[in-house]
Amino acid sequence: MTTNSSVSEIINAEVLQKGTEYTISYLSTDSRTIVSGRETLFFTLVTKSNNGHNYIRNAYDKGVRSFVISDSTKRFEKYTDATFLLVNNTLEAFHKLATSRRDKFKGNVIGITGSNGKTIVKEWLSELLVDDYKIIRSPKSYNSQIGVPHSVWLLDNEADMAFLEAGISQPGEMVNLERIIRPRYGIITNIGEAHQSNFQSVEQKVEEKLKLFKNSEVIIYRKDYPSIDSAIQKMVEENGIVPISWSMMDETSDLFIYFVQKIPEGCGIIGQVKEKQYAISIPFSDDASVENAITCLAALIAIGKDQDQILERFSTLQPIAMRMEILQGINQCILINDSYNSDLNSLSIALDTLDQQASEDFMPKALILSDIYYSSKSDDELYAEVAQLVKLRAIERFIGIGPNLKQKSHLFANNARFFSSTADFLAKFPSLGLNNEVILLKGARDFHFDQIASMLQDKAHETMLEIDMTAMVKNLNYFKSKLNPETKIMAMVKAFSYGSGMSEIARLLEFHQVNYLAVAIADEGVALRKAGITLPIVVMNPEEHSFDMMFEHLLEPNIYSKRLLDQFLTSAQRNALCNFPIHIKIDTGMKRLGFESDEELHYLLEKVKRGNVLHIKSVFTHLSSSDNPEEDNFTQLQFHRFEKMAKIIQDNTEHHVLKHVLNSAGIERFPNNQYDMVRLGIGLYGISSTAPDAVKNVGTLKTTISQIREVPKGETIGYGRACVAKSDILVATLPIGYADGFNRRLSKGKGKVWINGKLAPVVGNICMDMCMVDITGIEASEGDRVIVFGKEHPATEMAKALDTIPYEVFTSISQRVKRVYFQE
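This is a predicted model, so every value here is computed, not measured. (Residues numbered from 1 in each chain as written. Predicted model: local features only at pLDDT ≥ 70, side-chain atom pairs only at ≥ 80, totals over all residues. Heavy atoms only, no water.)

Visitor: Looking at this model, I keep getting lost on the environment of G777. Mind explaining?
Guide: Relative to the assigned elements, G777 resides in the loop between β37 (771-774) and β38 (785-789). In the structure, G777 is positioned 326 residues away from Q451 in sequence and 36 Å away in space, judged by C-alpha atoms. (Helix = DSSP H or I, 4+ residues; strand = E, 2+ residues; numbered from the N terminus.)

Visitor: Would you take a moment to explain the pattern of salt bridges for this structure?
Guide: By the definition in use, this model includes 36 salt bridges. For the salt bridge of K223 with D229, the shortest nitrogen-to-oxygen distance reads 3.5 Å. Relative accessible area serves as the criterion here: at 19%, K223 is assigned to the buried category. The exposure class of D229 is buried, given its relative accessible area of 16%. D287 is paired through a salt bridge with K262; the nearest N and O atoms lie 2.2 Å apart. (Salt bridge = Lys/Arg side-chain N within 4 Å of Asp/Glu carboxyl O. Buried < 20%, exposed > 50% of the residue type's maximum accessible area, 1.4 Å probe, protein only.)

Visitor: Which parts of the structure should I look at to understand a nonpolar patch on the surface?
Guide: Taken together, the side chains of M248, M249 and V260 define a hydrophobic patch exposed on the protein surface, amounting to about 270 Å² of accessible area. In this structure, V260 sits in strand β12 (residues 255-263). When its relative accessible area of 34% is taken as the criterion, V260 is described as partly exposed. (Patch = residues over 30% accessible without salt bridge, like charges linked within 9 Å, V, L, I, M, F, W, Y side chains within 5 Å. Areas by Shrake-Rupley, 256 points an atom, 1.4 Å probe, with all protein chains shown as cover.)

Visitor: Mind showing me how you'd approach the environment of I34 here?
Guide: With respect to the helices and strands, I34 occurs in the loop between β2 (26-28) and β3 (40-43). Along the backbone, I34 and M248 are 214 residues apart, and their C-alpha atoms lie at a distance of 48 Å. Leave out the neighbours within four places in its chain, and I34 touches S28, T40, F42, A59, K62 and V64. (Contact = heavy atoms within 4.5 Å.)

Visitor: Help me understand the sheet that holds strand β8 (residues 161-165) in this model?
Guide: Pairing in this open sheet of 9 strands is mixed, and the strands run β7-β8-β6-β9-β10-β11-β12-β13-β14 from one edge to the other. Of all strands in the sheet, those with a lone pairing partner are β7 (135-137) and β14 (276-282), marking the two edges. Strand-to-strand twist in this sheet, taken as the mean axis angle between neighbours without regard to direction, amounts to 20 degrees. Relative to strand β11 (residues 242-247), strand β10 (residues 218-222) runs parallel, the two sharing 5 bridges. The residue of β11 that forms the bridge with V218 is V242. Running at roughly 165 degrees to β8, helix α4 (residues 118-129) makes contact with β6 (108-113), β7, β8 and β9 (185-188) of the sheet. (Pairing = 2+ DSSP bridges. Axes fitted to C-alpha atoms, helices over the stretch in contact; angles between N-to-C directions.)

Visitor: How do you make sense of the pairing of strand β29 (residues 677-680) when you look at a structure like this?
Guide: Regular strands show a simple pattern: their side chains alternate between the two faces of the sheet. Side chains M677 and R679 project from β29 onto one buried face, and the interleaved V678 and L680 project onto a second face that is buried too. Across 4 bridges, strand β22 (residues 488-492) lies against β29 in parallel orientation. From the neighbouring strand, M490 faces β29, where its bridge partner is R679.

Visitor: Help me understand helix α11 (residues 344-358) in this model?
Guide: An ideal rise of 1.5 Å per residue puts 21 Å on 15 residues; α11 measures up with 21 Å between its terminal C-alpha atoms. Of all 15 residues in α11, 12 are buried; the element is thus mostly enclosed. Burial in α11 covers these residues: L344, S346, L347, I349, A350, L351, D352, T353, L354, Q356, Q357 and A358. (Expected span 1.5 Å × (residues − 1).)

Visitor: Help me understand the packing of aromatic side chains, please; the structure alone is not making it clear to me.
Guide: Each aromatic ring pair is summarised here by two numbers: the centre-to-centre distance and the angle between the ring planes. Per the stated rule, a full pass over the model turns up 21 aromatic pairs. Considering the side-chain rings of F639 and F670, the 5.4 Å spacing of their centres and the 75 degrees angle between planes classify their relative orientation as edge-to-face. With F639 in helix α23 (residues 632-651) and F670 in the loop between α24 (664-669) and β29, this residue pair connects regions lying 31 residues apart in the sequence. Of the residues examined, F639 reaches a relative accessible area of 2% and is grouped as buried. Here the aromatic residues F42, Y60, F67, F76, Y79 and F84 are joined through ring pairs into a cluster of three or more. (Phe/Tyr/Trp six-rings, centres within 6.5 Å; stacked < 30°, edge-to-face > 60°.)

Visitor: What exactly am I supposed to notice about the nonpolar core here?
Guide: It is characteristic of soluble globular proteins that their nonpolar side chains tend to be buried jointly. Within the largest apolar cluster, 127 residues are counted, with the highest numbers of intra-cluster contacts made by L517, I649 and F742. Among the elements that line this core, the one with the most residues is helix α16 (residues 469-480), at 7 residues. Each residue touching I649, except ones within four places of it in the same chain, is listed here: I584, I586, L601, L604, L605, I616, V619 and V657. Listed in part, the 38 residues of the second largest apolar core include L128, F284, I310 and F314. (Core = buried A, V, L, I, M, F, W, Y, C linked by side-chain atoms within 4.5 Å.)

Visitor: Looking at this model, I keep getting lost on the side chain of S503. Mind explaining?
Guide: As for its placement among the helices and strands, S503 is situated in helix α18 (residues 502-511). Taking relative accessible area as the criterion, S503 reaches 18% and is therefore assigned buried. Once residues within four sequence positions are removed from consideration, S503 is found in contact with L528, A531 and I533.

By themselves these figures say nothing about function.
Right, here's the structure in full:
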């Protein structure tokens, strides 16, 4: 049992303040995801862009009474019943505590690293062994300096073995993770380009990753990668580690794969270890799945778990959904589809997303859960924990599916519903009355929850815009890393969040603690309030007819002229308002909107001072050319003009007035002009003016091939017979047109789409709902996916073809195009 007192000894902490003694069951580094506060130990991690000490109050309010801190200057007297443990470095203390948990674990630990395939290998090995052994594995991709300690904390001596991932992004990180994981067996999958920019060479990256196995007994790897093979041979000489290699080319490898036959339904694989032959079949035929399956086979051989009944399970391996989808559901519901597996740890993580989408209880929360397979606990212990989670997370509707859950129904609230199978649930589905709820779907693969997801999902046409929420958070953190810790962020979610969907993006940004949101018009702000968003919201283009709506929903206007000021002030006085927040726009060179002269500012200040009706919250301006180095002299002139005019406002105002100028490009290029706040817009969506490789693609516009036809030489294609086939060609029709946002100016070869690894040009004129593309030379079938823009074919390329900017491409996507949100 771990308590406050035992923790202080393990991490060598000074007990700065002693409160009530509690048993520690959970570790937290994020105050937003705390569930059982009294049993939680909160580590106040300090990073370049954030400081965990700032969230002590949040954690305390959620019931936490045990804290590990590194800043003794903070005042803790008001938290009289809490324990504060002082250390020099909270991350190191976090690692120490996890290491102590690893010390007590008696089972085998298998560490997995590599550039690609880590999570799939981990999940497949767990799936292959779970019927015969008690398995613990890292939740999803918990493989970082913070994720690994969380994973190791889950170790339980009831388990036979643990599969733990480790990932690094720069030199020096793996040494820390090795101390925590200390794997007996090691697996390295492969080496790719991920995070390559922080390493001098592929060889350096391989060397760093292999440090995870410096004290391991056995390492499993593919011999066909020369950089990995040579580095491991060096380890064999220096450390005496036993290498277990597999290869498709080198017969001297321990496992030589000499037969791979791919068919549409899957793949047959035969290999040999000395005199023993191994034959497996998998229901996949892509190269990555074949490689991952063979790595799993080599691992099973290495750890002595290669019995026939285990190998037979390769044929029933399931695809690993590496992402959680957030979809529009039926009856005004939001559907969170995380149904690729069901275990207690991933359930807790998925419930964080449920809380985020429910937006502080604005929408009721529902959980549809199957029996849980991956657990070392007894059914009584396991489902008692599930019932406690349901209670702590305030789940209004719980639906359990499976014989085990049904047998333990007495552990749950009286209004919970239980079904023996998915078919039983589907038969009774119409009577459940799901309506205006956020529904988390979490099920083991055997329960085929895809059938439930299909029934719950609001149907739309085959063209969709996928929004990668994980990528957006990474982009947010990239721009945060450029800011001083005290600099606030206003996130721009106007124009339907640049076409990405407003309320879903706003919920994500609120969860990740941006300080302000900005919309274009009041209607957008009202929609966010109705979706439960509580952050301050600025309306950049307020209109007189919407003032009462803004007062009702606490939407703060951008005041940019004397006329608008007079209109808003009159309306505010009529509503008997006091100190209603406003934001002042200054024109420093855009010649678009804003106060421009000292005389106008004095008029503003005189009006605001009368009667305390309005309260100036911030003053700002808009840079015209922040992304263009050739205009830097003009940008500096804008800064100078802004500072002069902002000083007039501040000198005539008793409270501090926030100042903000920088947009996304400005954040990257002008670090000395952050002032109090920045406005982050297009950068959130993966557009960078200085470091395009540092940000991630967020939006992917996809469609499908509706029909393929051969067009003979001389035949014409599309409206107006705008295209004449100069030779026999193959044409695919796609269900996307200018009504979806695929601009008609991309007709006749100007636009291209990505199909099965190749670009296909548009032929003829783009229609309202369809277009045609030339797929001559491309292997494609009807129903295949098509990328209109995304990682493979960036929106910037489409913008260049249109002689415009990515903003226009994003915001042109019609709202009839379904938005699908997912998280890794």
